[in-house]
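Listed below, chain by chain, are the residues.
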Amino acid sequence: QVQLVESGGGLVQAGGSLRLSCAASGRTNSICQMGWFRQPQGKEREFVVGINWRGGYTAYSDSVKGRFTISRDNAKNTVGLQMNSLKPEDTAVYYCAAGRDCGGPYDYWGQGTQVTVSS
């Protein structure tokens, strides 16, 4: 099993920045990919960005490309999400996720952290 704990959410004005962090523990050597998803209130969860845990390959959704940056620290088993130029439509609960198979489903999820962007 892998446990994921997010931190760093909060309230920010439009145009501002926030950084989220996710710490993984447990069987972290089984992780091949990690990612961030978000779920706006009343909507379905959506993919934001993913990273290959070993090779560092990344994939971003079009809605955040150029504004968000994912990073990883394999030694500390953490993944970060730097969010710049935030917009009100970025408001959501953000979830960290991890998967055993690169390109496959995400098997483990954090509890989520709220990000609110005011206009």
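Residues numbered from 1 in each chain as written. Predicted model: local features only at pLDDT ≥ 70, side-chain atom pairs only at ≥ 80, totals over all residues. Heavy atoms only, no water.

If you had to explain the sheet that holds strand 7 (residues 68-73) to someone new, which residues and values would you point to?
Strand order in the open sheet formed by 4 strands is 1-3-8-7, with antiparallel pairing between adjacent strands. Each edge of the open sheet carries a strand with a single partner, namely strand 1 (2-7) and strand 7. Adjacent strand axes in the sheet meet at a mean angle of 15° when their direction is disregarded. Where strand 1 lies against strand 3 (residues 18-26), 6 bridges are found, and the strand directions are antiparallel. By the bridge assignment for strand 3, Q3 is matched with S25. (Pairing = 2+ DSSP bridges. Helix = DSSP H or I, 4+ residues; strand = E, 2+ residues; numbered from the N terminus. Axes fitted to C-alpha atoms, helices over the stretch in contact; angles between N-to-C directions.)

Run through the packing of aromatic side chains, naming residues and quoting values.
For any pair of aromatic rings, the description consists of the separation of the ring centres together with the inter-plane angle of the planes. Scanning the model with the defined rule gives 4 aromatic pairs in all. Ring centres of F37 and Y106 lie 5.0 Å apart, and the angle between their planes is 80°; this geometry places the pair in the edge-to-face category. Here the residue F37 occupies a position in strand 4 (residues 33-39), and Y106 occupies one in the loop between strand 9 (92-99) and strand 10 (108-109), the gap between them amounting to 69 residues. Its relative accessible area of 12% is what places F37 among the buried residues. The class of Y106 is buried, set by a relative accessible area of 16%. (Phe/Tyr/Trp six-rings, centres within 6.5 Å; stacked < 30°, edge-to-face > 60°. Buried < 20%, exposed > 50% of the residue type's maximum accessible area, 1.4 Å probe, protein only.)

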